[in-house]
Amino acid sequence: MAFVKCQRYIDRMAKGWTLQSLIDGKMQLIAFCHNPRCHHNQPLNLEKLKAKLGPDAPAMADDLIPKLRCANCGGKAVGLTYTPENTKVSGMGHRID
C-alpha cells in the first residue's frame, strides 16, 4: 500500500516538471551519449531550451530525449541526468545564496 502511494506521488511530481521549474529549482540537466565508442556528455543550457521550447515545455526525459542528438557523434541514443547545480548547493546539500 505504501509503495502505491509513493508511486502516485512520484507520478504527480514528474508530470509537473517543466523547463521553468528546473530553472527555478536550480537544477542542472546533463545529456550523455549511450554509444560505447563515444560516451560524450555535456550540460544542457536550460535557458536556451526554454527560449526554443517555451517555459512550460515538459522537462521529463521521455519528453526531451526524442529532441536530442549527441553533439559529438550525432547519435540518437542519449540519456539525461538531473542534478542540483553544484555551484548553488554546498557539499552537505545546503543552498548557497
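Each value, and the rule that gives it
Residues numbered from 1 in each chain as written. Predicted model: local features only at pLDDT ≥ 70, side-chain atom pairs only at ≥ 80, totals over all residues. Heavy atoms only, no water. Helix = DSSP H or I, 4+ residues; strand = E, 2+ residues; numbered from the N terminus. Buried < 20%, exposed > 50% of the residue type's maximum accessible area, 1.4 Å probe, protein only. Contact = heavy atoms within 4.5 Å. Areas by Shrake-Rupley, 256 points an atom, 1.4 Å probe, with all protein chains shown as cover. Salt bridge = Lys/Arg side-chain N within 4 Å of Asp/Glu carboxyl O.

Draft legend 1. Here's a closer look at the overall build of the chain. In terms of helices and strands, the chain carries four helices and three strands. Secondary structure elements of the chain, listed N to C terminal, follow the sequence α-α-β-β-α-α-β. Of all 97 residues assigned to the chain, the portion counted as buried reaches 22%. By sequence separation, contacts in the chain at least 24 residues apart represent 61% of the contacts at least 6 residues apart. Of the accessible surface of the chain, which amounts to about 7000 Å², a share of 57% is contributed by carbon and sulfur atoms.

Draft legend 2. Fine view of the environment of V78. Among the structural elements, V78 can be located in strand β3 (residues 78–84). Considering only alpha carbons, one finds V78 and F32, 46 residues apart in sequence, at a separation of 5.5 Å. Ignoring anything within four residues of it in the chain, the contact list for V78 reads F32, H34, I65, L68, R69 and C70.

Draft legend 3. Geometry of the pattern of salt bridges. Scanning all chains against the criterion turns up one salt bridge. Residue K50 is joined to E47 by a salt bridge in which the shortest nitrogen-to-oxygen separation is 3.6 Å. Taken together, the residues K50 and E47, both in helix α3 (residues 46–53) and three residues apart, mark about one turn of the helix.

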